[in-house]
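# Structural description and commentary
The lines below spell out each chain.
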Amino acid sequence: MSDLYGIYLHIPYCRAKCRYCDFYSAPGARGVPQAYVSALLRELAKNDRRPDTLYFGGGTPALLSPAQVESLITAANPLPGAEITLEANPDVVMQESLAGFRAAGVTRISFGVQSASNAQLRRLGRTHTAERAAQALAWARAAGFEEICGDIMLALPEYSNAEFDATLALLRDGGCTHISAYLLKVEPGTAFYRNPPAGLPDGDAAADFYLYAVAQLEKAGYQQYEISNFCRPGHEGRHNLLYWDCCDYQGYGPAAHSCVGRVRKYWPDDVQAFIEGTAAEAMEGDCTAEDFLLMQLRLRRGLSLAEYGRWGGSFTSAQKQFIRQCVAHGYAEFDEKTLRLTPAGMVVQNSILTELM
């Protein structure tokens, strides 16, 4: 087991709820209450392990002030050279706040751009425009960020390859070193679930959009290293790799998850209880060989059968025969030592995992 360790800080506050979002969130028009920051500081004081990565996720972490971010980084006490990521919405940041986040110690800024179509952004319930996204990227470069990330959503209502191309160009020209490209999923409890938008692509069309995105991203110099993640060489997201490699990470905040010593826990989704100190992490279960299999097959480098064996996992003769069938159909690569899914295999990953777990 690797001794790498990450800390995730959940900042649940948002100015508005996006129509596709099923993450736990709370209203944050006035920023992040200091009482919430104090609660995070209280919990961080109990941590005695210095992290290799620190991730501010949300919600909208950029609603924190640079001073609040600095206090949380200081409390987390990351190791020298740690990757420190902060998620941001383009309309929340200003030139001054981005400079403040960089000065506070943030090394990696991640923007939820999603689309270069303003009509699409309105449909999604996003509160920024493509023009504001371009401005935010320029401000991030001016602030000295060398690690700039951007998110793209695929298979949106009335989607087209041209919309993807425009969004990719916005992020590429904005200096992004890392791009995450996600297929839209309409989740229960969301506004899109209650009132589905017209023009949603079917499964086959969504798969085609995904494969087109993979090809175009790689042509633009962004190498795929995980199902939804692409980067310039050497710019992988170190924090999320901890998740996919089943390393230790500790989450703080309502709805945050942890896995330490192969034991998974989570905080209840109750922001007030977290602030008051009446919430406690609940057991979720052990991290098993099946979890390791699932996570490793998200990565383009694939699953090492030797590592899988150290987790107590193995494939039967029937499962190996199924893998060879996947190879014959272009869904996988297998040399008896490592199993890798191709982009086409990643499209049907759930079906493959059903046979292997």
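These lines cover the structure that appears in this document, whether it is placed above or below. Quick caveat, the model's predicted, so the values are computed rather than measured.

## Section: the overall build of the chain
- A tally of regular secondary structure across the chain gives 15 helices and 17 strands.
- Against the globule reference of 21 Å for 357 residues, the chain gives a C-alpha radius of gyration of 20 Å, in line with a compact fold.
- Once the C-alpha set of the chain is aligned to its principal axes, its extents read approximately 55 × 45 × 40 Å.
- Counting all 357 residues of the chain, 51% fall into the buried class.
- Long-range pairs, those at least 24 residues apart, make up 68% of the contacts in the chain between residues at least 6 apart in sequence.
- Side chains of the chain give 32 positive and 40 negative charges; the mean places of these two sets differ by 2 Å.

## Here's the deal with a nonpolar patch on the surface
- Taken together, the side chains of Val186, Tyr193 and Leu200 make up a nonpolar region of the molecular surface, amounting to roughly 250 Å² of accessible area.
- Mapped onto the fold, Tyr193 is located in helix H7 (residues 191-194).
- Take Tyr193: its relative accessible area is 47%, and that puts it in the partly exposed class.

## Observations regarding helix H15 (residues 349-356)
- Within H15, the full set of buried residues consists of Gln349, Ile352, Leu353 and Leu356. Taken down its axis, H15 places every buried residue within 100° of arc, on the same side. Opposite the packed face of H15, turned more than 90 degrees from it, sit the exposed residues Asn350 and Thr354.
- Packed against the buried residues of H15 are helix H11 (289-296), helix H12 (305-310), helix H13 (317-328), strand E17 (338-341) and helix H14 (343-347).

## Some details on the nonpolar core
- Ranked by size, the top nonpolar core spans 105 residues in total, and within it Phe56, Leu98 and Phe111 carry the most contacts.
- Sequence-distant contacts of Phe56, that is, excluding residues within four places in its chain, are made with Leu9, Pro61, Leu64, Val69, Leu72, Ile73, Ile84, Thr85, Leu86 and Glu87.
- Grouped together as the second largest cluster of nonpolar side chains are five residues, Tyr225, Cys231, Trp244 and Leu299 included.

## Regarding unusual backbone geometry
- Residue Gly59 is reached from Gly58 by a cis peptide bond, and omega for that bond is 10°.
- Counting through the fold element by element, Gly59 comes out in the loop between strand E4 (53-58) and helix H2 (66-76).
- Positioned with a positive phi, Asn77 is a non-glycine residue whose angle comes to about 55°.
- Looking at the secondary structure, you find Asn77 in the loop between H2 and strand E5 (83-88).
- Positioned with a positive phi, Glu336 is a non-glycine residue whose angle comes to about 75°.
- Position of Glu336 relative to the elements: it lies in the loop between strand E16 (332-334) and E17.
- Judged by its relative accessible area of 40%, Glu336 falls in the partly exposed class.

## Notes on the packing of H2 against helix H3 (residues 95-104)
- Where H2 meets H3, the closest approach of the two axes is 9 Å, and the angle between their N-to-C directions is 15°. Between H2 and H3, the crossing angle belongs to the class labelled roughly parallel. Crossing geometry of H2 relative to H3 is assigned as right-handed. Residues Pro66, Val69, Glu70 and Ile73 of H2 lie in contact with H3, whose contacting residues are Ser97, Gly100, Phe101 and Ala104.

## Description of helix H1 (residues 34-44)
- Those residues of H1 that sit buried are Tyr36, Val37, Ala39, Leu40, Glu43 and Leu44. Down the axis of H1, the buried set is contained in an arc of 155°. They therefore lie on one face.

## Looking at the environment of Ser304
- Following the sequence through the fold, Ser304 ends up in strand E15 (residues 303-304).
- Linking Ser304 and Leu184, residues 120 residues apart in sequence, is a C-alpha distance of 30 Å.
- Ignoring anything within four residues of it in the chain, the contact list for Ser304 reads Lys337 and Thr338.

## A closer look at the environment of Ser180
- In this fold, Ser180 is placed in strand E8 (residues 178-183).
- Along the chain, Ser180 and Leu9 lie 171 residues apart, while their C-alpha atoms are 20 Å from each other.
- Ignoring anything within four residues of it in the chain, the contact list for Ser180 reads Gly150, Asp151, Ile152, Ser228 and Asn229.

What counts as what
- Residues numbered from 1 in each chain as written.
- Predicted model: local features only at pLDDT ≥ 70, side-chain atom pairs only at ≥ 80, totals over all residues.
- Heavy atoms only, no water.
- Helix = DSSP H or I, 4+ residues; strand = E, 2+ residues; numbered from the N terminus.
- Rg over C-alpha atoms; globule rule 2.2 N^0.38 Å.
- Buried < 20%, exposed > 50% of the residue type's maximum accessible area, 1.4 Å probe, protein only.
- Contact = heavy atoms within 4.5 Å.
- Lys, Arg positive; Asp, Glu negative; His and termini not counted.
- Charge placed at Lys NZ, Arg CZ, Asp CG, Glu CD.
- Patch = residues over 30% accessible without salt bridge, like charges linked within 9 Å, V, L, I, M, F, W, Y side chains within 5 Å.
- Areas by Shrake-Rupley, 256 points an atom, 1.4 Å probe, with all protein chains shown as cover.
- Salt bridge = Lys/Arg side-chain N within 4 Å of Asp/Glu carboxyl O.
- Arc of directions from axis to C-beta.
- Core = buried A, V, L, I, M, F, W, Y, C linked by side-chain atoms within 4.5 Å.
- Axes fitted to C-alpha atoms, helices over the stretch in contact; angles between N-to-C directions.
- Parallel < 35°, antiparallel > 145°, perpendicular 65-115°, else oblique.
- Left-handed = near helix turned anticlockwise from the far one by under 90°.

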